[in-house]
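Residue-level structural notes
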Amino acid sequence: MRIERLDIYGYGKWVDTTFDLSKDVHLFYGMNEAGKSTLMSFIHSILFGFPTRNSTLLRYEPRESSRYGGKITGHDPRFGEVIIERIHGKVTGNVTVTLEDGTTGTDELLDSIMHGLTRESFQNIFSFSLTDIENVHKLNKNQLSRYLLNIGAHGTEYYLELVDQFQADADKIYRPSGRVLELNKPLSALEK
């Protein structure tokens, strides 16, 4: 789904605000505390639910409005125009999805539109923070490779955990400078 419009009823500092995203490229910029991260969080919250009160994520409940939430209008090749509205209600908010043909639904329809993406996978693929960018220069070649793999592909955390486990298992049986490891003993004997 391509996001074409954000209608914010109340989310953090944003109250009764609309952003038209129908053009191909958009750049949000501004001073610290201008609301850039809040906009990104708004998109995450509408698509995946408001963070719970005990979550580490910020809830961005508005101070200037009693309405918490908003809607995203987008276009999906399968459904045409899609409107996803989430407002204050149950723990993660009440969501209503409206398709171009008039069909309405809730979480199940939204999950179908999102192809089963979770908040975490969506953030790994489509979102990155200033902190992520600022710390890239501190990475060595292997760390940079892992970072790029992690932001570029869904499920890479599992893959990276497997790589680490394989490396740890390999280190238990062979190291170039090892003498008493399982594979080093026969290699040493062979060399003699």
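Everything here concerns the structure above.
The structure contained in this document is the topic of the report that follows. Since this is a predicted model, take the numbers as computed values, not measurements. Every chain is numbered independently, its residues counted from 1 as its sequence is written. In keeping with the predicted nature of the model, local features appear solely for residues at pLDDT of at least 70, side-chain atom pairs appear and are counted solely at 80 or more, and the whole-chain, interface and lining totals rest on all residues. As a rule here, side-chain values cover all heavy atoms of the structure and leave hydrogens and water aside.

**Some words on the overall build of the chain**
For the purposes of this entry, the term helix denotes a DSSP run of H or I that reaches at least four residues, the term strand denotes a run of E that reaches at least two, and both are numbered from the N terminus. Counting its regular elements, the chain contains 7 helices and 6 strands. Taken from the N to the C terminus, the helices and strands of the chain come in the order β-β-α-β-β-β-β-α-α-α-α-α-α. Note on contacts: a residue pair is in contact if any heavy atoms of the two residues lie within 4.5 Å. In the chain, the proportion of contacts linking residues at least 24 apart, taken out of those at least 6 apart, comes to 45%. Element-wise, carbon and sulfur atoms account for 54% of the exposed surface of the chain, whose accessible area totals about 13100 Å². For the accessible areas, the method is Shrake-Rupley and the probe is 1.4 Å, while residue cover comes only from the protein chains on display.

**Considering the packing of aromatic side chains**
Whether two aromatic rings pair depends on their centres lying within 6.5 Å, for rings of Phe, Tyr and Trp, where Trp uses its six-membered ring; planes under 30 degrees apart make the pair stacked, over 60 edge-to-face, and the rest tilted. Per the counting criterion, the structure on display carries 7 aromatic pairs. For the ring pair Tyr 11 and Tyr 60, a centre distance of 5.4 Å and an interplane angle of 35° mean the geometry is tilted. Separated by 49 residues along the polypeptide, Tyr 11 in strand E1 (residues 2–11) and Tyr 60 in the loop between helix H1 (36–48) and strand E3 (69–76) bring together distant segments of the chain. On the accessibility criterion, Tyr 11 (0% relative accessible area) is buried. By the ring-pair criterion, three or more aromatic residues cluster together here, those being Tyr 11, Phe 42, Phe 50, Tyr 60 and Tyr 68. Note on geometry: a ring has a charge over it if NZ (lysine) or CZ (arginine) is within 6 Å of the ring centre and within 35 degrees of the ring normal. Here the guanidinium or amino end of Arg 67 rests over the ring plane of Tyr 9, the centre of that ring lying 4.0 Å away. A 1.4 Å probe rolled over the protein chains alone gives each residue an accessible area, and that area as a share of the maximum for its type sets the label: buried under 20%, exposed over 50%, partly exposed in between.

**Some details on the side chain of Arg 86**
Tracing the backbone through its elements, the reader meets Arg 86 in strand E4 (residues 80–87). A 3.5 Å cut-off defines polar contacts: any pair of N or O atoms within that distance qualifies, except that in protein one atom must be a possible hydrogen donor and the other a possible acceptor, and neighbouring residues in sequence count only when both atoms are side-chain atoms. A distance of 3.0 Å separates the side chain of Arg 86 from the backbone oxygen of Ser 45, its partner in a polar contact. At 3.0 Å, the side chain of Arg 86 and the backbone oxygen of Ile 46 are in polar contact.

**Let's talk about the sheet that holds E1**
Only strands that DSSP links by at least two bridges are regarded as paired with each other. Reading across from one edge, E2-E1-E3-E4-E5-E6 is the order of the 6 strands in this open sheet, with antiparallel pairing throughout. Looking at which strands have only one partner, the edges of the open sheet turn out to be strand E2 (14–20) and strand E6 (104–105).

**Description of the environment of Gly 74**
Mapped onto the elements, Gly 74 comes out in strand E3. Overall, Gly 74 belongs to the buried group, its relative accessible area being 0%. For the pair formed by Gly 74 and Leu 6, sequence separation is 68 residues and the distance between their alpha carbons is 9.0 Å. Leaving out residues up to four positions away in the same chain, Gly 74 has contacts with Met 1, Arg 2, Ile 3, Glu 4, Gly 80, Glu 81 and Val 82.

**Quick look at the pairing of E2**
Bridge analysis of E1 against E2 gives 6 bridges, and the strand direction is antiparallel. Looking across to E2, one finds that Tyr 11 is bridged to Trp 14. Hairpin connection between E1 and E2: a loop of 2 residues separates the two successive antiparallel strands, and Gly 12 in this loop has a positive phi of roughly 60°.

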